[in-house]
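Listed below, chain by chain, are the residues.
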2 protein chains.
Amino acid sequence: MARLAGVSRATVSYVLNNTSAVRISEPTRRRVHAAAKELGYVPHAAARSLRAGHSRMVLMPAPSIPVGPLYSQFISELQWALGRLDYTVVQYGSVGLQGEEAARAWAELRPVAVLVPGTGLGPQGVALLRRSGARAVVTLAPEAVEGAHALLMDHERVGRCAADHLYARGRRRIGVVVPEEAGLEAFSLPRLAGVRRALLGTDATLTELSLAFEEQSAIRLAARWRELGLDSVFAYNDEYAMLLMRALQDEGLRIPEDTAVIGADDLLLGRLLRPRLSTVHIELPSGRDLAELVDRAVREPGAATETHTVLGATVVHRDSS
Amino acid sequence: MARLAGVSRATVSYVLNNTSAVRISEPTRRRVHAAAKELGYVPHAAARSLRAGHSRMVLMPAPSIPVGPLYSQFISELQWALGRLDYTVVQYGSVGLQGEEAARAWAELRPVAVLVPGTGLGPQGVALLRRSGARAVVTLAPEAVEGAHALLMDHERVGRCAADHLYARGRRRIGVVVPEEAGLEAFSLPRLAGVRRALLGTDATLTELSLAFEEQSAIRLAARWRELGLDSVFAYNDEYAMLLMRALQDEGLRIPEDTAVIGADDLLLGRLLRPRLSTVHIELPSGRDLAELVDRAVREPGAATETHTVLGATVVHRDSS
DNA sequence: TTGAAAGCGGTACCAG
DNA sequence: CTGGTACCGCTTTCAA
């Protein structure tokens, strides 16, 4: 670039990076800075990281489904915290890419760390990423993956909490909503399994209820509610719970007398319905903590992989259960 | 890499890219592929784009505020459509970066195209990006920026629609909710301005109402509702509308008799309250169309910048207004 | 204090 | 058909 500033490329590099091992005279610095400003010079990240052999890019797949305020908040916090540690966070739009293939696509960018929510990345995927220079791979999933750090997001606990609550309040015929929308299985199945486990060995019964996030679907489900003979339902999350509760009420069912309803995520909107919606409050890991984990892993890539359980789940009992 | 496969780098390149201008013998291809598989070889995107002088990366800033299902859907669709056109979509976590500074950070990655929702990127930012190789810069904002293609998302129309509707139904003392949460000004201010414009020269009055997305804030606002003397309110969006409507009802106000309420975004959840929430349905551009615009712009970087108005707004009249 | 030169991992031309 | 080689933009010794 600014050899047109009268100096060599090396000098430019020194000046712009404030290289401490080298002293550059003030006049020269000034000329370099001036020229850079003038030409609108921007360093070429690819060239830099090619030469350096590493980057400070932390990559995570972009969510392909609408995420709630909880998760959005978490991502923002994480980006902010990693930004403070001088990492660049990049969400890769991996629409349609699967497992190994996705891992390969990510590896092409040679990120220093990869954060993967959900399953879908096997041990081979992790190995591939590590071979291509990722000094840290962190999964946010129900179970750990060989070779990667793991933040265990145990959605089973959410189901267990909800089921324990309903059972403790005397409910025995318990329905569990399973959303029909694709891409939610990663959450809905563990939550369902959690309910199942909580009810194991008790006198309660569990009924799976398929429900799409549309009024018609809820109305259809409500129409056959009496024949279902359920006295309570864990509705996957607050949004599905709100939808279903409204349909049940329109069908003439009394909440919670005839049927108790509980959701999850503790959305503000759930408090607006009457009766106020009971819910399972979920606590995600703090973005700061995860950022620190990443940073530690990057600095100490040989260290044993850490596994932390990070999903807090507590029942918030309001009026619908 | 697989010079350890017994061939030269060049040959590897030919084989893995299926270079048609060159014929490689089957045995050689096989050995290369075998070695690549064995070593878990992944090409180095930085090296490739350094050499090529360009990449196929489309960059957009990651949203820093929780976005609704509407926008999430739009992003997904866009990623999918661009993926089909063989672009790689990357969301850059620009937490805290502003205008020029953000533009510089993005430019370091030398994306072939940049998509920027919202204002904050000035003409200099656009120029900077173009100078560093971006063949297309597209803004999604209320107004066009010199040098960039523009998808005009005219949120004023949302406010106008809502105001026209309320006015047509005989309301004259109209409140407009302005969220207190930071980062929403890009939407809330134009919506407010739209209401103002719609009411200009009529006998209606406009009152700004500051509201945070918390129950307490809504309760406080509702408590002074009677002294405000409003007969209707445009509540920014459906979520704020739901929150406020509930608080008004708890305060003893009848909806819509005493106060008409209208939101925006046409969320499913708005239909669950009673009375069912009136709303302004918003139509975002199709991801496919935007992807095509980007592709066209990339292939024809010299062409004049296009400006399209892409935000459809129509009132959905339900029971709260 | 500054400059010359090597090299990061690919691609593309040209010679063998 | 295949290998040598120059080069993309930047950092980093090493010499001047």
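Above: the structure in question.
None of these values were measured; they are calculated from a predicted model. Counting starts from 1 at the beginning of each chain's written sequence and moves along it residue by residue. For naming, the first written chain is A and the first written ligand is 1, with later ones following in the order written. Where totals are concerned, whole chains, interfaces and linings use all residues; where local detail is concerned, this predicted model gives features only for residues with pLDDT of at least 70, and gives and counts side-chain atom pairs only at 80 or more. Side-chain measures here rest on the full set of heavy atoms in the structure, leaving out hydrogens and waters.

Caption draft 1: Here's a closer look at the pairing of strand β6 (residues 173-179) of chain A. Residue and element names in this part refer to chain A. Exposure classes here rest on a 1.4 Å probe applied to the protein chains alone. A residue is buried below 20% of its type maximum, exposed above 50%, and partly exposed in between. Here a helix means four or more residues in a row that DSSP labels H or I, a strand means two or more in a row labelled E, and each is numbered from the N terminus. In terms of burial, β6 is largely enclosed, as six of its seven residues are buried. Sheet topology places β6 next to strand β7 (residues 205-211); seven bridges connect them, and they run parallel. Residue pairing in the sheet places Val-176 in a bridge with Glu-208 of β7. In this fold, β6 hands off to helix α8 (residues 185-199), which returns the chain to β7; that crossover is right-handed. Each pair of strands is called paired provided DSSP finds at least two bridges between the two strands. Handedness of a crossover: with both strands directed away from the viewer, a clockwise path from the first strand across the helix to the second marks it as right-handed.

Caption draft 2: Local environment of the interface of chain B and chain A. It only takes one pair of heavy atoms within 4.5 Å for two residues to be counted as in contact. Facing 50 residues of chain B, the contacting portion of chain A comprises 50 residues. What counts as buried area is the accessible surface, traced by a 1.4 Å probe, that two parts surrender upon association, with contributions from both included. Between chain B and chain A the total buried area reaches about 4400 Å² when both faces are included, carbon and sulfur atoms providing 62% of it. For the chain B face of the interface with chain A, the top three residues by lost area are Val42(B), Glu215(B) and Leu272(B), together amounting to 14%. When a carboxyl oxygen of Asp or Glu lies within 4 Å of a side-chain nitrogen of Lys or Arg, that pair is called a salt bridge. In this assembly, chain B and chain A are joined by six salt bridges. For the salt bridge of Arg274(A) with Asp250(B), the shortest nitrogen-to-oxygen distance reads 3.0 Å. Whenever two N or O atoms come within 3.5 Å, that pair is a polar contact, provided that in protein one can donate a hydrogen and the other can accept it, and provided that, for residues adjacent in sequence, both atoms are side-chain atoms. Counting the contacts that link chain B with chain A gives 19 residue pairs in polar contact (both at pLDDT 80 or more). Elements with a minimum of two residues in the side of chain B that touches chain A: α3 (45-52), α4 (69-84), β2 (88-92), α5 (99-108), α6 (123-131) and α11 (238-250) of chain B. Here strand β2 (residues 88-92) of chain A pairs with β2(B) via three bridges, running antiparallel. The residue of β2(B) that forms the bridge with Val90(A) is Tyr92(B).

Caption draft 3: Expanded view of the relation of the copies chain B and chain A. Residues reaching a pLDDT of at least 70 in both copies supply the C-alpha atoms on which the copies are superposed by least squares. Rotating chain B by 180 degrees and moving it 0.1 Å along the rotation axis overlays it on chain A with an RMSD of 0.2 Å. A rotation of that kind, with that shift, is consistent with a two-fold axis. When the interface residues of chain B are mapped onto chain A, 100% of them again lie at the interface, so the same face is used by both copies.

Caption draft 4: Layout of the protein's contact with DNA strand C. Near residues are defined by distance, with any heavy atom within 4 Å of the molecule or strand qualifying the residue. Around DNA strand C, the surrounding shell holds 27 residues, and the nearest of these are Thr28(A), Arg51(A), Arg9(B), Ser13(B) and Tyr14(B). Within 4 Å of the protein, the contacting atoms of DNA strand C are drawn from sugar and phosphate to the extent of 53%. Within the contact set of DNA strand C, a base nitrogen lies 3.1 Å away from a side-chain nitrogen or oxygen of Arg51(A). Between DNA strand C and Ser13(B), the relevant distance is 2.6 Å, taken from a phosphate oxygen to a side-chain nitrogen or oxygen of the residue. Secondary structure elements with two or more residues in the surface near DNA strand C: α1 (9-17) and α3 (45-52) of chain A together with α1 (9-17) and α3 of chain B. With five residues, the top contributor of residues to the surface near DNA strand C is α1(B). Ten residues, namely Ala, Val, Leu, Ile, Met, Phe, Trp, Tyr, Cys and Pro, are considered nonpolar, four, namely Asp, Glu, Lys and Arg, are considered charged, and the remaining ones, Gly among them, are considered polar. Class assignment for the residues of the surface near DNA strand C results in twelve nonpolar, eight polar and seven charged.

Caption draft 5: Broad picture of the sheet that holds strand β4 (residues 136-141) of chain A. The strand order across the open sheet formed by twelve strands is β11(A)-β5(A)-β4(A)-β3(A)-β1(A)-β2(A)-β2(B)-β1(B)-β3(B)-β4(B)-β5(B)-β11(B), and the pairing between neighbours is mixed. Edge positions in the sheet fall to β11 (307-309) of chain A together with β11 (307-309) of chain B, since each of these pairs with one other strand and no more. Each strand axis lies, on average, 20 degrees off the axis of its neighbour in the sheet, ignoring direction. Whenever a helix is involved, its axis is fitted only over the stretch in contact; in every case the axis is a line through C-alpha atoms, and angles between N-to-C directions fall within 0 to 180 degrees.

Caption draft 6: Local environment of the protein's contact with DNA strand D. Around DNA strand D, the surrounding shell holds 25 residues, and the nearest of these are Arg9(A), Tyr14(A), Arg51(A), Thr11(B) and Ser25(B). Ala47(A) has a polar backbone atom sitting 3.2 Å from a base nitrogen of DNA strand D. Here Thr11(B) contributes a side-chain N or O atom positioned 2.6 Å from a phosphate oxygen of DNA strand D. At the level of secondary structure, the elements contributing two or more residues to the surface near DNA strand D comprise α1 and α3 of chain A together with α1 and α3 of chain B.

Caption draft 7: Spatial organisation of helix α4 (residues 69-84) of chain A. All names here are of chain A. To estimate the expected span of a helix, count its residues, drop one, and scale the result by 1.5 Å. Look at α4: 22 Å from first C-alpha to last across 16 residues, which is about the 22 Å you get at 1.5 Å a residue. Looking at the buried positions of α4, the neighbouring elements they touch are β1 (57-61), β2, β3 (113-117), β4 and α12 (287-299). Asp-86 lies just past α4 and shows a positive phi near 75 degrees.

Caption draft 8: Fine view of the side chain of Thr28(B). Among the structural elements, Thr28(B) can be located in helix α2 (residues 26-39). With sequence-adjacent residues up to four places away left out, Thr28(B) is seen in contact with Val7(B) and Thr11(B).

Caption draft 9: A look at unusual backbone geometry. A cis amide bond, omega 0 degrees, links Arg274(A) with the succeeding residue Pro275(A). Looking at the element boundaries, Pro275(A) is found in the loop between β9 (260-262) and β10 (279-283). The omega angle of the peptide bond from Ile255(B) to Pro256(B) is 5 degrees, so this bond is cis rather than trans. With respect to the secondary-structure elements, Pro256(B) resides in the loop between α11 and β9 (260-264). Backbone geometry at Asn18(A) places phi at a positive 50 degrees, although glycine is not the residue there. Within the fold, Asn18(A) resides in the loop between α1 and α2 (26-39). We classify Asn18(A) as exposed; its relative accessible area is 55%. A positive phi angle is found at Asp86(B), which is not glycine, with a value near 75 degrees.

Caption draft 10: Here's a closer look at the nonpolar core. Only buried Ala, Val, Leu, Ile, Met, Phe, Trp, Tyr and Cys residues count toward a nonpolar core, and they belong to the same one when joined by side-chain atoms within 4.5 Å. The biggest cluster of nonpolar side chains holds 58 residues, and the ones touching the most others in it are Val177(A), Trp225(A), Val177(B) and Trp225(B). Dropping the residues within four chain positions of it, Val177(B) is found in contact with Leu209(B), Leu211(B), Val233(B), Phe234(B), Ala235(B), Tyr236(B), Tyr240(B) and Leu244(B). Counting residues in each nonpolar core, the second largest holds 47 residues, with Tyr71(A), Ala198(A), Leu284(A) and Ala313(A) among its members.

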